[in-house]
There are 2 protein chains.
Amino acid sequence: MSNSYTFAVIGGGSWATAIVKMLCENLDEVGWYMRSVYAKEHILRNRHNPNYLSSVEFHIEQLKLSNDINEIVAYADYLIFAVPSAFLSKELENLNVSLNDKVIFSAIKGIVPESSKIVGEHFHDTYDIPFENIGVITGPCHAEEVALERLSYLTIACADEKKAEILAENLSSRYIKTKISDDIIGTEYAAMLKNIYAIAAGIAHGLGYGDNFQSVLMSNAIREMKKFIKKVHKMKRNINDSAYLGDLLVTGYSVFSRNRMFGNMIGKGYTVKSAQMEMSMVAEGYYATKSAHDLNEKNGADVPIIDAVYAILYENKDPKKIFKKLTEELD
Amino acid sequence: MSNSYTFAVIGGGSWATAIVKMLCENLDEVGWYMRSVYAKEHILRNRHNPNYLSSVEFHIEQLKLSNDINEIVAYADYLIFAVPSAFLSKELENLNVSLNDKVIFSAIKGIVPESSKIVGEHFHDTYDIPFENIGVITGPCHAEEVALERLSYLTIACADEKKAEILAENLSSRYIKTKISDDIIGTEYAAMLKNIYAIAAGIAHGLGYGDNFQSVLMSNAIREMKKFIKKVHKMKRNINDSAYLGDLLVTGYSVFSRNRMFGNMIGKGYTVKSAQMEMSMVAEGYYATKSAHDLNEKNGADVPIIDAVYAILYENKDPKKIFKKLTEELD
């Protein structure tokens, strides 16, 4: 495929690695910024990321790899951010190249802790990027399955659907199907909220609730997500589309989800601190819970699951008691 | 709880055993018909069903057990049928007690093969039972988790909501929450369709599709279910309620579901016949697929998943090719 645009991925984790792989199916060259000098050198020498999706082999000549974020931002027309939301501000601190005229897609599932905003809003408000240059890439998609080239569906959302289409074309391949959407707010909130519901699923599992309850929890979660998002950004959307329900399911039912694992530890009796230490990184849903809760204080949607997770994570309430109460509110 | 009504369960399988257990939490006596003389004698001697949920211990004095369906039908005001749909007609052949004035609840997830009707319609059309005396008990609920007294939610549907309420009260307990509904047609079709989607999930798994695809399949399945049911019986319903989406999820994501297992074998290359022989019983979804397909021929909803499963099970088409085509129709 010939392209008049250049594309780059910001981030060195598993989702970033998966997106680079997808782009390499279509492009002669893909820009790739990662912080780790070691990882970059390892990739150049051994053709795979030492830390994430290490089974994926790259053709080095296709990669424009750099540890300098400015070099990569300067290089690309389309920037895909795939760093953990907690590190985004820190990465951007080093930026001295302008983001004007860049199309920015977020593949980050979460809230920027410093601004309590979803990534699209953060770029819009902090860097003055117009919304028609901001987009979102959402699943349902485990990066690990992209590595295995198992068929996966992505939704590419942008207020300017033409830009969504251009990115979608360059991500599509034998094992990646794409769909475009103009609901950047809704898809991004869905991607963030699902992590809270995955924590809830984990807590329930840790407390000993079974599959019958999990299905009721997920069925309530999607109804709650619909109400939450409707308050944030009212528009016609089918909450059962893959970008919303599919994304919720792939995370909520995954035993590999970090958020679910984090919740599971809480349910089993770990304190929030010790669960975080045990996992050696903070689950995205932890920040999302506070942001969603605070935002909904103003919006006033009825969100008993988010409230329950918030009470457990931020008000030190007893998971067992909180979930007992929650079970009375679900149906 | 004091009751002016008598209740009985027809069937000796795991779901029947679970429902008897639920009723025993509330009633002094529960009628229970089962075909097997051996199982009945075993229960009376050892206080548990030898074949299903054998960890559940009954108080014998609470059970009015019989191998004579007429004795049990004569005994009860509320009859709960929980035999496999394929055996319902055969059981009813022996009936010489009138079903007039009985309230009949179906806990059967499937189609009566002889009439190609859902159970409620079968009773209505064949036995002239008015719809206000017909109801449905649906999950999401694995019987095995009821045995473990894990929190589960049931939906009790009846056109006459008062009857639904009476049964719901007598099923509710510490570990069973109930909700009533007047959508007997929709809940019963949902319970039947989910088995087709569980077969589809099994086929996909057998063919090597991963979790990303499963979540897309389930997200498409619930949209398809909504369209199918709307054609059959249009009314206001939230397809994401537990009785529809929850029931789909608990089955579609269960590795214990017989329907999913059946599909999995087909995906792995077994013929339909050999998969059925291997399982020593026919998965409910097998009949459901034909009925749903035939019914939808008239109704004309867009149901690519049901069509795909039908083509594989009844037209001897290659699962791999059919699913490749299906992946193009999902989003």
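Residues numbered from 1 in each chain as written. Chains lettered and ligands numbered in written order. Predicted model: local features only at pLDDT ≥ 70, side-chain atom pairs only at ≥ 80, totals over all residues. Heavy atoms only, no water.

### Notes on the sheet that holds strand β9 (residues 152–158) of chain A
All names here are of chain A.
Right, so step 1: What the eight strands build is an open sheet, ordered β3-β2-β1-β4-β5-β8-β9-β10; its pairing is mixed. Strands at the two margins of the open sheet, each flanked by one partner only, are β3 (63–66) and β10 (176–181). In this sheet, adjacent strand axes meet at a mean angle of 20 degrees when their direction is disregarded.
Right, so step 2: Where helix α1 (residues 14–24) meets the sheet, it contacts β1 (7–10), β2 (30–33), β3, β4 (78–81), β9 and β10, and its direction lies at approximately 170 degrees from that of β2.
Right, so step 3: Strands β5 (103–106), β8 (134–138), β9 and β10 of the sheet are contacted by helix α8 (residues 184–207), whose axis makes an angle of about 40 degrees with β8. (Pairing = 2+ DSSP bridges. Helix = DSSP H or I, 4+ residues; strand = E, 2+ residues; numbered from the N terminus. Axes fitted to C-alpha atoms, helices over the stretch in contact; angles between N-to-C directions. Contact = heavy atoms within 4.5 Å.)

### Focus on empty space enclosed by the protein
Residues and elements named next belong to chain B.
Right, so step 1: The tally for this structure, following the rule as stated, stands at one cavity of 30 Å³ or more.
Right, so step 2: Considered as a void within the structure, the largest cavity measures approximately 40 Å³ in volume.
Right, so step 3: Every residue lining the largest cavity is listed: I118, G120, E121, F131, I134, V136, I184, I185 and E188.
Right, so step 4: Counting residues per element, the ones that place at least two in the lining of the largest cavity are α5 (119–127), β8 (134–138) and α8 (184–207).
Right, so step 5: Here the lining of the largest cavity takes three residues from α8, the largest share from any one element.
Right, so step 6: Among the residues making up the lining of the largest cavity, the classes are represented as six nonpolar, one polar and two charged. (1 Å grid on protein atoms, 1.4 Å probe; cavity = no way out; pocket = protein on both sides within 12 Å on 5 of 7 lines; lining within 4 Å. Points joined across faces, edges and corners; volume = space filled by probe spheres on them. Nonpolar A, V, L, I, M, F, W, Y, C, P; charged D, E, K, R; others polar.)

### Examining the packing of α1 of chain A against helix α7 (residues 161–171) of chain A
Residues and elements named next belong to chain A.
Right, so step 1: Contact geometry for α1 and α7: axes closest at 7 Å, N-to-C directions at 85 degrees. Viewed along their axes, α1 and α7 adopt a mutual orientation that is roughly perpendicular. For the pair α1 and α7, the contacting residues are I19, M22 and L23 in the first and L167, N170 and L171 in the second.
Right, so step 2: Of the residues assigned to the contact of α1 with α7, the class counts are five nonpolar, one polar and no charged. (Parallel < 35°, antiparallel > 145°, perpendicular 65-115°, else oblique.)

### Some thoughts on the UniProt feature "domain: Glycerol-3-phosphate dehydrogenase NAD-dependent C-terminal" (unreviewed entry) in chain A
Right, so step 1: Per the UniProt record, the feature "domain: Glycerol-3-phosphate dehydrogenase NAD-dependent C-terminal" (unreviewed entry) sits at residues 183–323 of chain A.
Right, so step 2: Between the first and last C-alpha atoms of residues 183–323 of chain A the distance is 32 Å; the span itself is 76% helix and 0% strand. (UniProt positions renumbered as here; feature names shortened; annotations may be inferred.)

### Structural notes on the relation of the copies chain A and chain B
Both copies of the chain are related through a single rotation about an axis accompanied by a shift along the same axis.
Right, so step 1: Laying chain A over chain B is done by rotating through 180 degrees and shifting 0.0 Å along the axis; what remains is an RMSD of 0.0 Å. Accordingly, the operation relating the two chain copies is best matched by a two-fold axis. (Least-squares fit on C-alpha atoms with pLDDT ≥ 70 in both.)

### Some words on the domain arrangement of chain A
Residue and element names in this part refer to chain A.
Right, so step 1: Along its sequence, chain A is organised into domain 1 (7–182) and domain 2 (186–329).
Right, so step 2: Here the C-alpha centroids of domain 1 and domain 2 sit 25 Å apart.
Right, so step 3: Facing the 25 residues of domain 1 at the interface are 19 residues of domain 2.
Right, so step 4: Both faces combined, the contact of domain 1 with domain 2 buries some 1,800 Å², and carbon together with sulfur accounts for 60% of it.
Right, so step 5: Counting the contacts that link domain 1 with domain 2 gives one salt bridge. (Domains from an automatic or database assignment. Buried area = accessible area lost by both parts, 1.4 Å probe. Salt bridge = Lys/Arg side-chain N within 4 Å of Asp/Glu carboxyl O.)

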